[in-house]
Amino acid sequence: MAALDVFQDALSRLERIGREAGIDPQVIAALRQPKALLTAALPVRMDDGETRWFTAYRCRYNDALGPSKGGIRYHPGVTREEICALALWMTLKCAVVGLPYGGAKGGVIVDPKTLSPMELERLSRGYMRAMADFVGPETDVPAPDVYTNARIMGWMADEYETIHRRKAPGVITGKPISLGGSFGREEATGRGAWLVIRRFAERTGLDPRRARVAIQGFGNAGYHVARLLRQDGYRIVAVSDSKGGIYAEDGFDVESLHRVKQERRKLEAAYCEESLCELVEHDEISNDELLALDVDLLIPAALEGAIHDANADRIRARTIVEVANGPVAGGVDERLAGRGVTVLPDVLVNAGGVTVSYFEWVQNRQGDSWTLERVRERLEETMVRAFDATWDLVEQEGRAPRSAAYGVALRRIADAIGAHGDAAYFRGERA
Ligand code: NAD
């Protein structure tokens, strides 16, 4: 999908679901554009002495429910429209799980794999210098996203504190533990998705020991969800990254795949015992072939727009679990539903990351540190409650899961906007 279309597509879907759910059009109007969007040009001194300029964005989409919250993405394909779409989805996501946050997103147009570690640090500190008056613990709180990580968050927090001449760990989440990060943040998105799948299996009778799974994207989110599903007995038959995929009918040992990917920077089908890893039999497949596999769960965990107009009819999975943000284009929702494919939506499935980010922010503001067990317990409570609220609507009203999750979110946002007074109140029609 063309980048420009991502935001339009997100808005069309929002309007359609808003109408179906009977949401006040004034609330949808409030969500049709970001509240504030900052574009910056970041000068970075490269290791060879030259200065290169990088375009950076930060979008604070909506803050009806609280300070805005959302990750920062480093990717050559970043566009302003993509950042706005992601920030809109963050607004809905925080509302689905009931966090006191609005939605935001940031990004830099860069291929971070081409930068040295020192160039990456200068870029990250430069990003925070440009955004230091636009973000803050009470206004807008960034976090990691695609190709950013805890170390980068640590650099950015440090830069913010240097500029403001005070400690402010709550300015950013997903930090290293030693700099005020939370236990459990790294695995949170994958764990949250796994909790959703577990509850979905309980409520629909899906048997993990008979279920086959394909996962597109084996980064932070993809790895952790694969690891936890494997522990439950799911067979992970296919995995891919940006360079392509691998398939084995008997399933992969996820920990071995991960270890080999960390060591060799490459996705290879392997089985490891102690210090020895051996390559195992497998087929190489393309990302398109992975998406078309006949599996019980198809988990897109890479980038938005993976399933679109041209490949939607080739999907044979029973259920798509949107671990990535926006992997299913808005225009194909109904076609998939018509073919009996259930789509568990991103705003619910991947909300574990922002939920533990919220826990990190709470700990920072209280000067506290929670145990991993406490983080996991509270995450489970939050995800199960959000899943059940969504699934109750699916069962009681026959709504598609995405429509139900958007319904839950939009009602919460509508209540917050309405608490200031709606049109009927100001016309004197209601007290
Ligand atoms: P990551 O950078 O750790 O991993 C991204 C993975 O996707 C890598 O394995 C990469 O090789 C792969 N990839 C990139 N392009 C691909 C392509 N065309 N085909 C197949 N694989 C491709 O990123 P992440 O944090 O795991 O994020 C993945 C998705 O999950 C994104 O959509 C992100 O917005 C979403 N998400 C992440 C978090 C989080 O906390 N990390 C939270 C919510 C949502």
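The coordinates are above.
Residues numbered from 1 in each chain as written. Predicted model: local features only at pLDDT ≥ 70, side-chain atom pairs only at ≥ 80, totals over all residues. Heavy atoms only, no water.

A separate point is the nonpolar core. Counting 92 residues, the largest nonpolar core has Leu 14, Leu 92, Leu 229, Tyr 234 and Ile 299 as the members making the most contacts within it. A total of twelve residues in this core trace back to one element, the largest contributor, which is helix α3 (residues 80-96). In contact with Ile 299, other than residues within four places in its own chain, are Ile 197, Val 213, Ala 214, Ile 215, Gln 216, Val 225, Leu 229, Val 321 and Val 323. (Core = buried A, V, L, I, M, F, W, Y, C linked by side-chain atoms within 4.5 Å. Buried < 20%, exposed > 50% of the residue type's maximum accessible area, 1.4 Å probe, protein only. Helix = DSSP H or I, 4+ residues; strand = E, 2+ residues; numbered from the N terminus. Contact = heavy atoms within 4.5 Å.)

Further remarks concern the site of the ligand. Close contacts around the ligand come from 23 residues, with Asp 145, Thr 189, Asn 220, Ala 302 and Asn 325 the closest. Here Ala 221 contributes a backbone N or O atom positioned 2.9 Å from an oxygen atom of the ligand. Calculation on the ligand without its partners gives an accessible area of 820 Å², and the protein chains cover 86% of this total. Put simply, the parts of the chain that give the shell around the ligand at least two residues each are α7 (220-231) and β7 (235-241). (Near = heavy atom within 4 Å. Polar contact = N/O pair within 3.5 Å; in protein donor to acceptor, adjacent residues only side chain to side chain. Areas by Shrake-Rupley, 256 points an atom, 1.4 Å probe, with all protein chains shown as cover.)

Moving on, we come to the state of the cysteines. In total, this model carries one disulfide according to the counting rule given. Through a disulfide, Cys 272 is tied to Cys 277; the S-S separation comes to 2.2 Å. On the sign convention where negative is left-handed, the bridge of Cys 272 and Cys 277, at about 105 degrees about the S-S bond, is right-handed. In this structure Cys 84 is not part of a disulfide, and its nearest cysteine sulfur, from Cys 59, lies 4.1 Å away. Given a relative accessible area of 6%, Cys 84 falls into the buried group. (Disulfide = S-S within 2.5 Å.)

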